[in-house]
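Take a look at the letters that make up each chain.
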Number of protein chains: 2
Amino acid sequence: MTPDWIAVDWGTTNLRVWAMGPEGVLAETSSADGMAALSGDGFEAALLRLIGPWLGDRPVPVIACGMVGARQGWHEAPYRRVPSAPVAPGSAVAVPVQDRRIDLRIVPGLRQDAPADVMRGEETQVAGVLALHPAFDGVICLPGTHSKWVHVSAGEVVSFQTFMTGELFALLSQQSVLRHAMPGDGADDEAFDAAVAETLSRPERLAARLFGLRAGSLLHDLPPPAARSRLSGLLIGAELAAARPYWLGQRVILVGSPRLAASYARALAAQGLAAEALDATACTLAGLAAARHPAGDR
Amino acid sequence: MTPDWIAVDWGTTNLRVWAMGPEGVLAETSSADGMAALSGDGFEAALLRLIGPWLGDRPVPVIACGMVGARQGWHEAPYRRVPSAPVAPGSAVAVPVQDRRIDLRIVPGLRQDAPADVMRGEETQVAGVLALHPAFDGVICLPGTHSKWVHVSAGEVVSFQTFMTGELFALLSQQSVLRHAMPGDGADDEAFDAAVAETLSRPERLAARLFGLRAGSLLHDLPPPAARSRLSGLLIGAELAAARPYWLGQRVILVGSPRLAASYARALAAQGLAAEALDATACTLAGLAAARHPAGDR
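For clarity, every value in this text was computed on a predicted model and none was experimentally measured.

Caption draft 1: Just the pattern of salt bridges, in detail. Overall, the coordinates contain 26 salt bridges over all chains when judged by the stated rule. Between A:Asp193 and A:Arg266 there is a salt bridge whose closest N-O contact spans 2.7 Å. Residue A:Asp193 is found in helix 4 (residues 189-201), and its partner A:Arg266 is found in helix 8 (residues 258-269); the two are separated by 73 residues along the sequence. By relative accessible area, A:Asp193 is classed as partly exposed at 31%. Here A:Arg266 falls in the partly exposed class, since its relative accessible area comes to 35%. With its nearest N and O atoms 2.7 Å apart, the salt bridge here joins B:Arg202 to B:Glu204. Relative accessible area serves as the criterion here: at 38%, B:Arg202 is assigned to the partly exposed category.

Here it is, written out as structure tokens:
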């Protein structure tokens, strides 16, 4: 089996690869060789460990997105400035490699000068949304470690904003004093809804309510699933309050893990907004496919 | 040298002890044997390692405050409910010990049922403030890992609220993606002031501004001291916004490390409020001295 091309999603902590044929995915695999774990020649070796079995005699195009193109990654793919198409024809950066069986290019991220913001990887998912919905005009929300809200119009990214909601949740639920209040991983939808409503209407309460999760656990036996869902809701509610200009009265598409996208959809539904969710992997692959073809080639 | 009594401040990560004589401190020392690092017999051994040289033939009173009295500490000193005096006569809990040269008591923390909140250690500092300023009526702010705002009236703690500001700053500046933007430990007062003003007036911006520190560093070479002070200012501003009912129009006393108390004093001064700062150790020792004497004994 020799693929037509190979798709690569290379983030900070993970490396995922897909062998692509004319009808779509032929095979896929992944490893924990994220950008943060590698340096120097380690990148090419990590990639070949996964895709080696797919390589034949002729060079195969390999298109990658994500932190692999950061300054501290394998090869820097400098940010492109918004407003612009999420992925521009011919803008993927060719990477010098030792193994002649691969022709590797990295999709550049996007930068916004004011307010200062950056993305790497999400631009490819946004391009994928536009490939799947060519006429889409509105807002794409990509919840995750660093959630992004992206305003898209006429095929271009107009502006975007990043929130550290996922990283804050991870730090607070796993490493702060609040971890004692939320062992396990159960969820409580009612607690989530109430917390979203609280910080969405009164965002200043975020700072005031966090320690209450620990105190509620100590004094009133607040159940761990309720504490965990309440933390998630307080943080997502505060994000939605700050991101209100992005979603209010807009058409919103969610791209993220099913569980996280469902939380955001639930929070937005409480505000009367029906957001559509797209599969994150499908968007990544559609975006990488779009990045592969120079202008006019499709 | 045999002290009249021994003062102990035993927190989660540190153990500090003072040999007290008729005129005050005779000697002091400390170790990293905080509550979190100990269990079972380890508590008494850790204490004796520090105070052993001060012990003679007769039992010496030892008064401790802090997390040593938590359920997971040496011996639980159950919370007392507010409103109440910060330290009530005779409420310190006697701890069974093996070494007959010490007579150990632990000061209980305080609990507030609604909104749920707890403190351990700060009640002793509040008692110290009242010992140093017996007629004080107003608000005591104790900035730290978990900052406390305490409303005191007629010698009693009326209500209090905890903010995780210090822990959030530590997690974000040392363990999140923002750590790349703020190596070293310089400070920038102007960046601090602007950030406090921003979240104090628009607290919903906290969530929206955090990632901007990373992006500002990547795109605009935001200097590390400015990034660090801006993070501190954003968090303290959000705390002050949520704690406004505590400080607005009130007399405020700050009790904390000199550097942190100065940051809070600076932020409050920008709001036209002149807060008085007291030395945290002096407050702890005055509070432990107050806890030592049963009612009518002073």
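There's plenty left to go through after this.
Caption draft 2: A look at helix 8 of chain A. Residue and element names in this part refer to chain A. Taking 1.5 Å per residue, 12 residues should reach 16 Å; helix 8 reaches 16 Å between its end C-alpha atoms and fits that length. Within helix 8, burial applies to Ala 261, Ser 263, Tyr 264, Ala 267 and Leu 268. Taken end-on, helix 8 shows its buried residues confined to a sector of 155 degrees, consistent with a single buried face. Pointing more than 90 degrees away from the buried face of helix 8 are the exposed residues Pro 258 and Arg 259.

Caption draft 3: Representation of the packing of helix 3 (residues 165-174) of chain A against helix 3 (residues 165-174) of chain B within the structure. Two numbers describe how helix 3 of chain A lies on helix 3 of chain B: the axes approach to 11 Å, and their chain directions differ by 120 degrees. Our classification of the angle between helix 3 of chain A and helix 3 of chain B gives oblique. Considering only the axes of helix 3 of chain A and helix 3 of chain B, their crossing is right-handed. For the pair helix 3 of chain A and helix 3 of chain B, contact is made by A:Leu168, A:Leu171 and A:Leu172 and by B:Leu168, B:Leu171 and B:Leu172, respectively. Residue composition of the contact of helix 3 of chain A with helix 3 of chain B, by class: 6 nonpolar, no polar and no charged.

Caption draft 4: Looking closely at the packing of aromatic side chains. This model, assessed by the stated rule, comprises 6 aromatic pairs over all chains. Centre to centre, the rings of A:Trp10 and A:Trp74 are 5.8 Å apart; their planes meet at 75 degrees, and the pair counts as edge-to-face. Note that A:Trp10 is positioned in strand 1 (residues 5-10) and A:Trp74 in the loop between strand 4 (60-65) and strand 5 (80-81), a separation of 64 residues in sequence. The residues A:Trp10 and A:Trp74 share a single accessibility class, namely buried. Seen from their ring centres, B:Phe43 and B:Trp74 are 6.0 Å apart, and the 15 degrees between their planes marks the pair as stacked. Taken together, the residues B:Phe43 in helix 1 (residues 42-51) and B:Trp74 in the loop between strand 4 (60-65) and strand 5 (80-81) connect sequence positions 31 residues apart.

Caption draft 5: Fine view of the pairing of strand 1 (residues 5-10) of chain B. Residues and elements named next belong to chain B. Along strand 1, 5 of the 6 residues are buried, which leaves the element largely enclosed by surrounding structure. Relative to strand 2 (residues 15-21), strand 1 runs antiparallel, the two being bridged by 6 bridges. Directly across from Trp 5, in strand 2, lies its bridge partner Met 20. Joining the antiparallel neighbours strand 1 and strand 2 is a turn of 4 residues. Sheet topology note: the strand 1/strand 4 ladder contains 4 bridges and is parallel. What sits directly across from Ala 7, in strand 4, is Ile 63.

Caption draft 6: Expanded view of the sheet that holds strand 9 (residues 117-119) of chain B. On the basis of which strands lie adjacent, the open sheet formed by 3 strands has the order 5-8-9 (chain B) and mixed pairing. Each edge of the open sheet is held by one strand with a lone partner, namely strand 5 and strand 9 of chain B. Two strands pair when backbone bridges link them, and strand 8 (residues 110-112) of chain B and strand 9 of chain B are joined in this way by 3 bridges, in the antiparallel orientation. Residue pairing in the sheet places B:Leu110 in a bridge with B:Met119 of strand 9 of chain B. With respect to the sheet, helix 5 (residues 205-220) of chain A is in contact with strand 8 and strand 9 of chain B, its orientation differing from that of strand 9 of chain B by roughly 85 degrees.

Caption draft 7: A look at the relation of the copies chain B and chain A. Overlaying chain B on chain A yields an RMSD of 0.0 Å, the required transformation being a rotation through 180 degrees with an accompanying axial translation of 0.0 Å. The operation mapping one copy onto its partner corresponds to a two-fold rotation axis. Comparing interface residues between copies, 100% of those in chain B also lie at the interface in chain A; the contact surface is shared.

Caption draft 8: Here's a closer look at the sheet that holds strand 4 of chain A. Residue and element names in this part refer to chain A. The mixed open sheet is built from 6 strands, whose spatial order is 3-2-1-4-7-6. At either end of the open sheet lies a strand with only one pairing partner, and these are strand 3 (24-31) and strand 6 (93-94). Of the strands in this sheet, strand 1, strand 2 (15-21), strand 3, strand 4 and strand 7 (102-106) are in contact with helix 1 (residues 42-51), which crosses strand 2 at around 50 degrees. On the sheet, helix 9 (residues 280-292) packs against strand 1, strand 2, strand 3 and strand 4 and is oriented at approximately 125 degrees with respect to strand 1.

Caption draft 9: Quick look at the nonpolar core. With 44 residues, the main nonpolar core has A:Leu172, A:Leu178, A:Leu210, B:Leu172, B:Leu178 and B:Leu210 as its most contacted residues. Secondary-structure elements contributing two or more residues to this core are helix 3, helix 5 and helix 6 (224-242) of chain A together with helix 3, helix 5 (205-220) and helix 6 (224-242) of chain B. In contact with B:Leu172, other than residues within four places in its own chain, are A:Met164, A:Leu168, A:Leu171, B:Leu178, B:Arg179, B:Leu210, B:Leu231 and B:Leu235. Counting residues in each nonpolar core, the second largest holds 26 residues, with A:Val17, A:Trp74, A:Val93 and A:Ile102 among its members.

Calculation notes
- Residues numbered from 1 in each chain as written.
- Chains lettered and ligands numbered in written order.
- Predicted model: local features only at pLDDT ≥ 70, side-chain atom pairs only at ≥ 80, totals over all residues.
- Heavy atoms only, no water.
- Salt bridge = Lys/Arg side-chain N within 4 Å of Asp/Glu carboxyl O.
- Helix = DSSP H or I, 4+ residues; strand = E, 2+ residues; numbered from the N terminus.
- Buried < 20%, exposed > 50% of the residue type's maximum accessible area, 1.4 Å probe, protein only.
- Expected span 1.5 Å × (residues − 1).
- Arc of directions from axis to C-beta.
- Axes fitted to C-alpha atoms, helices over the stretch in contact; angles between N-to-C directions.
- Parallel < 35°, antiparallel > 145°, perpendicular 65-115°, else oblique.
- Left-handed = near helix turned anticlockwise from the far one by under 90°.
- Contact = heavy atoms within 4.5 Å.
- Nonpolar A, V, L, I, M, F, W, Y, C, P; charged D, E, K, R; others polar.
- Phe/Tyr/Trp six-rings, centres within 6.5 Å; stacked < 30°, edge-to-face > 60°.
- Pairing = 2+ DSSP bridges.
- Least-squares fit on C-alpha atoms with pLDDT ≥ 70 in both.
- Core = buried A, V, L, I, M, F, W, Y, C linked by side-chain atoms within 4.5 Å.

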